[in-house]
Amino acid sequence: MADKLSILCVSGAHERIQMAAMAAATAAAGGTEVTVFFSMNALPYFVQGTAAQAPAEGDFGRRMAGKNVPSFKRLFEQAKELGGARLYACSMALDVLGVEASGLEEYLDGPLGLTRFLSDGAEGQIVVF
Amino acid sequence: MGDDKVKVVDATGSFCPGPLMELIGQLKEMEVGDVLELLSSDKGSAADVPEWVNKVGHEMVGTEEKDGVWHIRVRKLK
């Protein structure tokens, strides 16, 4: 059975989304089955038309802004392109935001419920950012 | 090794996991047996790339550092 990593990405802080994207991309590229669930303050960054850059949480995030660090959106895309990661938007959060599935960035796989996400990830590791 | 087909990918200036992602993307486009030489100024790449290469079953040809740039050579095996 392939390794399985489920990532709950809920923070709107740049550092946390960046770390989630790094984990998704590197794990997926190494053959791990990766599923990412975007909810709460992270989800707006994956709605079409939203600015690509999340605010820094602390000094590290501000330092990263001046470096050639890959964007988290690009890393999530690469997790999908290179490693077959699945990227879902929390259906509850979409309802709260008033966003339809068609309003999500194209590289997302669509809306998903939390119950299904947790059920699918039950045999593997689940990490929260 | 002299007749190996080597593709050089310059990922200097990019931070983790940029160089690794660059390597993986380029390797997909190459033929089995070809060698890719990744140039990276990210110290972590020197450890991370061999880890990935061994995990997924390619071959590390060699790694050397010249003036702060790591030259990481990988042969595509599948």
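Conventions adopted
Residues numbered from 1 in each chain as written. Chains lettered and ligands numbered in written order. Predicted model: local features only at pLDDT ≥ 70, side-chain atom pairs only at ≥ 80, totals over all residues. Heavy atoms only, no water. Pairing = 2+ DSSP bridges. Helix = DSSP H or I, 4+ residues; strand = E, 2+ residues; numbered from the N terminus. Contact = heavy atoms within 4.5 Å. Axes fitted to C-alpha atoms, helices over the stretch in contact; angles between N-to-C directions. Buried area = accessible area lost by both parts, 1.4 Å probe. Salt bridge = Lys/Arg side-chain N within 4 Å of Asp/Glu carboxyl O. Polar contact = N/O pair within 3.5 Å; in protein donor to acceptor, adjacent residues only side chain to side chain. Nonpolar A, V, L, I, M, F, W, Y, C, P; charged D, E, K, R; others polar.

Colleague: Please clarify how the sheet that holds strand 2 (residues 33–38) of chain A should be interpreted in this entry.
Modeller: One key point about sheets: their strands pair by backbone hydrogen bonds, in either a parallel or an antiparallel sense. All names here are of chain A. Taken in spatial order, the five strands of this open sheet run 4-3-2-1-5, and their pairing is parallel. Of all the strands in the sheet, just strand 4 (111–112) and strand 5 (125–128) have a single pairing partner and so form its edges. Note that strand 2 and strand 3 (residues 86–90) share four bridges and pair parallel. Bridge pairing in strand 3 places V36 opposite L87. Across the sheet, helix 1 (residues 14–29) lies against strand 1 (4–9) and strand 2, angled at about 165° from strand 1, the strand it touches most.

Colleague: Would you take a moment to explain the interface of chain B and chain A for this structure?
Modeller: Often, the extent of an interface is quoted as the loss of accessible area upon association of its parts. The interface of chain B with chain A comprises 14 residues on the first partner and 15 residues on the second. Together chain B and chain A conceal approximately 1,100 Å² of surface at their shared face, both sides included; 68% is due to carbon and sulfur atoms. When the buried surface of chain B facing chain A is broken down by residue, F15, P17 and M21 of chain B rank first, second and third, together holding 44% of it. At the boundary of chain B with chain A, the tally comes to zero salt bridges. At the surface where chain B touches chain A, the tally comes to six residue pairs in polar contact (both at pLDDT 80 or more). Where the side of chain B that touches chain A is concerned, the elements lending two or more residues are helix 1 (18–28) and helix 2 (43–56) of chain B. Looking at the side of chain B that touches chain A, the element that brings in the most residues is helix 1 of chain B, giving six residues. Here the residues of the side of chain B that touches chain A sort into eight nonpolar, four polar and two charged.

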